[in-house]
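# Structural characterization, general
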Amino acid sequence: FKQTFNPIERKKQKMKRKKLDARGFSHDILIVLFVVIFAIAGVAYLVASHADSCDSSASGVSSATSDTTSDATCPVSDSTSGAVSSSPESQVTCAITGIPSSPSYNTTLSPQLQLTNNGSSRVVVVTNTVFSLYKPDGTSVYQQTPYPSTNRTVDQGATYTAPLGAYTVPYSSASIGSGGYEVSISGGGSCSTRFTLPSAPVATTPQPLANIIIEGENMTGSKDTTNQASSTASNKLDRPMWHSGTLTKSFTSTGKLTGVTVRAQANVCSGSPQMVVVVDGKAVIQTPVGSTTWANFTGTLTSNTSTSHSVIVAFTNDYATKTCDRNLYIDNLTFTQQK
């Protein structure tokens, strides 16, 4: 104490500092270095403390004394990697929505997974999803489609919603009877849904019905109304069309009309007669008839379910000279039908 306040000693110490400063060693530099080092150490401590807070919340570990609102500045992950929480099952509940109980075949299923965090801190849970189809006996698994395990982050009091992926139910009554999604989450929780498929209709082959035959001689002519004998015609009679005009007939069917065949022949004169066949208002045959013997001319029908029909046969290009005459002859029309 005496040395500290001794004027002679203080003068000696001052002289020593001057000698050191003269050699380039300043005490002011020491003070500045001390302040900088202290500041760096303080910032590093704060950063490390904040990182530990994010790591603990992301892993599902929460402290009773921690401020849960501070997690808002921590990064949120939703990936297939990262820390997995060991949170209790009661903290997170799940549900699957968007699945009808009895979807029809060829329906695309697009379910949603909902995870609700009922706890007081943010959690990260692993979800494992499996989509299964079952045979009609309801016991054997016909097909399983597992989805990759996924880490999902759910904030406290929040609900996380995500699609589970679309799947189209195939058309197969022989192999599939039901199906469903099942999701398990870390901590032991799970949720599932189940649907049943109606019996698929059995494909049947349309059964043909008896043909409908309309004789030419039984049709009504707009110009020519008489029949003529023909040894090669089906009933030994045919209907000649000497002039441009039409033959018409109304008739009924017991099923759906599928086709028509006209048996016709012609007299050719500087070209063939043109024949047009119209069924229920639609032209199904438009063709020249160049054969001088009986020949078949066929058209396809796409009739509606009506059983009442009408048919028109038209001769559209009559022609004659002093040496020839163009004519059309109709033996009969045959309609095919099916149930």
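Residues numbered from 1 in each chain as written. Predicted model: local features only at pLDDT ≥ 70, side-chain atom pairs only at ≥ 80, totals over all residues. Heavy atoms only, no water.

Right, let's get into the overall build of the protein chain. The number of helices and strands found in the protein chain is three helices and 22 strands. Across the 339 residues of the protein chain, 33% fall into the buried class. Put simply, of all contacts in the protein chain between residues at least 6 apart along the chain, 71% involve residues at least 24 apart. Here the protein chain has roughly 19,700 Å² of accessible surface; of this, 55% comes from carbon and sulfur atoms. (Helix = DSSP H or I, 4+ residues; strand = E, 2+ residues; numbered from the N terminus. Buried < 20%, exposed > 50% of the residue type's maximum accessible area, 1.4 Å probe, protein only. Contact = heavy atoms within 4.5 Å. Areas by Shrake-Rupley, 256 points an atom, 1.4 Å probe, with all protein chains shown as cover.)

Okay, the sheet that holds strand S12 (residues 220-221) next. One open sheet accounts for five strands, arranged S12-S15-S20-S17-S18; its pairing is antiparallel. Every other strand in the sheet has two partners, leaving S12 and strand S18 (282-288) as the edge strands with one partner each. (Pairing = 2+ DSSP bridges.)

On to the packing of aromatic side chains. Scanning all chains against the criterion turns up four aromatic pairs. Measuring from centroid to centroid gives 4.6 Å for Phe 131 and Tyr 181, while their planes differ by 45°, and the two rings are tilted. Separated by 50 residues along the polypeptide, Phe 131 in strand S4 (residues 123-134) and Tyr 181 in strand S9 (residues 178-185) bring together distant segments of the chain. Across this residue pair, the class does not change: Phe 131 and Tyr 181 are buried. Here Phe 131 and Phe 195 contribute two aromatic rings whose centre-to-centre distance is 6.3 Å and whose plane-to-plane angle is 25°, an arrangement assigned as stacked. In this pair, Phe 131 is assigned in strand S4 and Phe 195 in strand S10 (residues 190-196), connecting sequence segments 64 residues apart. Judged on exposure class, the residue Phe 131 and its partner Phe 195 are both buried. Among the aromatic residues, those joined into a cluster by ring pairs are Phe 131, Tyr 181 and Phe 195. The ring of Tyr 134 carries Arg 194 above its face, with NZ or CZ at 4.1 Å from the centroid. (Phe/Tyr/Trp six-rings, centres within 6.5 Å; stacked < 30°, edge-to-face > 60°. Lys NZ or Arg CZ within 6 Å of the ring centre and 35° of its normal.)

On to the state of the cysteines, then. Disulfides are covalent bonds that link the sulfur atoms of two cysteine residues. The final tally for this structure, using the stated rule, is two disulfides. Across the disulfide from Cys 94 sits Cys 191; the S-S distance is 2.3 Å. As the torsion about the S-S bond is roughly -130°, the Cys 94-Cys 191 disulfide counts as left-handed. Of this pair, Cys 94 sits in strand S1 (residues 92-97) while Cys 191 sits in strand S10; the two residues are 97 residues apart in sequence, bridging distant segments of the chain. (Disulfide = S-S within 2.5 Å.)

The next subject is the environment of Pro 273. Topologically, Pro 273 is positioned in the loop between strand S16 (256-267) and strand S17 (274-279). Taking C-alpha positions, Pro 273 is 6.5 Å from Asn 327, a pair spaced 54 residues apart along the chain. Beyond its immediate sequence surroundings of up to four residues, Pro 273 is in contact with Ala 266, Asn 267, Thr 287, Pro 288, Val 289, Phe 315, Asn 317, Arg 326, Asn 327 and Leu 328.

The next subject is the pairing of strand S14 (residues 237-241). Summarising burial for S14: four of the five residues are buried, a large majority. Note that strand S13 (residues 228-229) and S14 share two bridges and pair antiparallel. Bridge pairing in S14 links Ala 229 to Leu 237.

A few words on the side chain of Asn 327. Along the chain, Asn 327 falls in strand S22 (residues 325-338). In this structure Asn 327 comes out as buried when scored by relative accessible area, which is 3%. Polar contacts involving the side chain of Asn 327 include one to the side chain of Asp 325, which spans 3.5 Å. Not counting chain neighbours up to four residues away, the residues in contact with Asn 327 comprise Met 241, Trp 242, Gln 265, Ala 266, Asn 267, Pro 273 and Phe 315. (Polar contact = N/O pair within 3.5 Å; in protein donor to acceptor, adjacent residues only side chain to side chain.)

By themselves, these are just geometric observations and shouldn't be taken as functional.
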